[in-house]
Amino acid sequence: MIHQPSTMNQPNKAIIFSAGLGTRFKPWTDKHPKSLAIINGKTLLQRNIEYLQEYGVDEVVVNVHHFAKQIIEAIEKNNGWGSKVIISDEQDEVLETGGGLVKAAAFLKDEPFFLSLNVDVLTDLNINKVIEAYHQNEALVAFAVSNRETSRKILFDEQMQMCGWKNFTTGEEKTVRKTVVAAPFAYSCVTVYSNKVFDLLEQKGKFSIMDGFLQLAATLTITGVPHSGDRWIDVGKPEAVAKAEAMFE
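Since the model is a prediction, treat every value here as computed from it, not as a measurement. Along each chain, residue indices are assigned from 1 in the same order as the chain's sequence is written. Since the coordinates come from a predicted model, pLDDT governs what is reported: local features require at least 70, and pairs of side-chain atoms require 80 or more to be given and counted, while whole-chain, interface and lining totals use all residues. Each side-chain value is worked out from all heavy atoms of the structure, with water and hydrogens disregarded.

A. Local environment of the overall build of the protein. Only runs of H or I of at least four residues qualify as helices and only runs of E of at least two qualify as strands under DSSP, and these elements are numbered from the N terminus. When its secondary structure is counted, the protein shows eight helices and 14 strands. For the radius of gyration, the atom set is restricted to C-alpha positions; the globular benchmark scales as 2.2 Å times the number of residues to the power 0.38. Its C-alpha atoms give the protein a radius of gyration of 17 Å, within 12% of the compact-globule value 18 Å for 249 residues. For the C-alpha atoms alone, the extent of the protein along its principal axes is close to 50 × 40 × 40 Å. Only protein chains enter the area calculation, which uses a 1.4 Å probe; residues under 20% of their type maximum are buried, those over 50% are exposed, and those in between are partly exposed. For the protein, buried positions account for 53% of its 249 residues. What makes two residues a contact is simply this: any of their non-hydrogen atoms within 4.5 Å. Put simply, of all contacts in the protein between residues at least 6 apart along the chain, 75% involve residues at least 24 apart. Accessible area for the protein stands at about 11,800 Å²; split by element, carbon and sulfur atoms hold 49% of it. We treat Lys and Arg as the positive residues and Asp and Glu as the negative residues; His and chain ends play no part in the count. Charge placement uses NZ in Lys and CZ in Arg. For Asp and Glu, CG and CD serve respectively. On the protein, the mean spot of the 26 positive side-chain charges and the mean spot of the 31 negative ones are 4 Å from each other. What sets the accessible areas is the Shrake-Rupley method with a 1.4 Å probe; for residues, cover comes only from the shown protein chains.

B. Examining the pattern of salt bridges more closely. The term salt bridge refers to a pairing of a side-chain nitrogen on Lys or Arg with a carboxyl oxygen on Asp or Glu at a separation within 4 Å. Within the structure shown, the criterion is met by nine salt bridges. Of the charged contacts, one joins K34 and D120 as a salt bridge, the two residues approaching to 2.7 Å between their closest N and O atoms. Within this pair, whereas K34 is found in the loop between β1 (13–17) and β2 (38–39), its partner D120 is found in the loop between β6 (113–118) and β7 (121–123), the two being separated by 86 residues in sequence. The class for K34 is buried, based on a relative accessible area of 11%. Residue D120 is classed as buried on the basis of its relative accessible area, which comes to 13%. Across the salt bridge formed by E50 and K42, the nearest N and O atoms sit 2.9 Å from each other. For E50, a relative accessible area of 23% translates into the label partly exposed.

C. Examining unusual backbone geometry more closely. Between K26 and P27 the backbone carries a cis peptide bond, its omega angle lying at 10°. Positive phi, normally seen in glycine, also occurs at W81, with a value near 50°. By the element assignment, W81 lies in the loop between α2 (68–77) and β5 (84–89).

D. Spotlight on the state of the cysteines. When two cysteine sulfur atoms are found within 2.5 Å, that pair is recorded as a disulfide. Using the criterion set out here, one finds zero disulfides in the structure. Between C163, a cysteine without a disulfide, and C189, which holds the nearest cysteine sulfur, the sulfur-to-sulfur distance is 19 Å. Given the relative accessible area of 2%, C163 is considered buried.

E. Expanded view of helix α8 (residues 240–247). Those residues of α8 that fall on the buried side of the exposure criterion are A240, V241 and A244. Down the axis of α8, the sector holding all buried residues measures 100°, keeping them to one side. For α8, exposure combined with an orientation more than 90 degrees from the buried face picks out A242, K243 and A246. Among the structural elements, β2, β7 and β14 (232–234) are those in contact with the buried residues of α8. When we speak of the arc, we mean the arc of directions from the helix axis to the C-beta atoms.

F. Focus on helix α5 (residues 127–136). Among all positions of α5, only I127, N128, V130, I131, A133 and Y134 are buried. In protein, a polar contact requires one atom able to donate a hydrogen and another able to accept it; more generally it is a pair of N or O atoms within 3.5 Å, and residues adjacent in sequence count only if both atoms are side-chain atoms. If you check the start of α5, you find a side-chain oxygen 2.9 Å away from the backbone N of N128, and it comes from N126. Looking at the residues trailing α5, positive phi occurs at E138, about 50°.

G. Structural context of the packing of aromatic side chains. Note on aromatic pairs: the rings of Phe, Tyr and Trp (six-membered ring only in Trp) are paired at centre separations within 6.5 Å, and the planes decide the class, stacked below 30 degrees, edge-to-face beyond 60, tilted for the rest. According to the stated counting rule, one finds 10 aromatic pairs in the structure shown. Judged by centre distance (6.1 Å) and plane angle (80°), the rings of Y187 and F213 are edge-to-face. Of the two residues, Y187 sits in strand β12 (residues 183–194) while F213 sits in helix α7 (residues 209–217), which places them 26 residues apart along the sequence. Accessibility assignment for this pair places Y187 and F213 in one class, buried. In textbook terms, an aromatic cluster arises when at least three aromatic residues are bridged by ring pairs, as seen for F114, F143, F156, F185, Y187, Y193, F198 and F213. Lying over the aromatic face of F107, K13 brings its terminal NZ or CZ to 4.1 Å of the ring centre. Sitting over the ring of W165, K174 keeps its end group 5.5 Å from the ring centre. Counting as a charge over the ring demands two things of the Lys NZ or Arg CZ atom: a distance within 6 Å of the ring centre and an angle within 35 degrees of the ring normal.

Bear in mind that shape data such as this cannot, by itself, settle questions of function.
Structure, rendered in structure tokens:
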């Protein structure tokens, strides 16, 4: 399905975070990268590249570390599944999502704004809604969120601006802005960024993008965009494969 473009400007580029070790996905990841796990005949990576294509995004950075050669060979063999795919090589050190984003800056920063996805998340949520919220809020970053059950959630004020983060299992909480209302939502891993993010992130090297969001949200607009009624699954563990195959043909 090709979606009608948003009434706002559309991004042209994206990064798919694919460099993780996939420790939760053993034994597959003892010999393969998680991004090449198969869901009904298609890899997680192919499915996410094709998802971006539905919104006209066909220039993609894929960062690689664990079994990087297998990912590169799959991309080359399949001609990027119809997209222009740039490899961001993290074989020397896996940089996590924040560090991976910063390392890919050379490819992404010439676009006014761009997208990121996590390779192990499959969804059909409407990216146009996130793009529109990004523009309407004049946000630095906007990302999809939901009410699903998870131990770690992002905290938002009544305008759905990020103001903190909480681990509901351990009780650890980080508040970066005082607010009357603090509503918790789960991060859905579909994110729109202004290219200004590269000049504003203070962290270097290996770090989580969530730590970057917490730093930025103290003084800048980080917008949450609730979604519901669509398909979304974290294919982080082997037992999630059957559930994903029931959801995605």
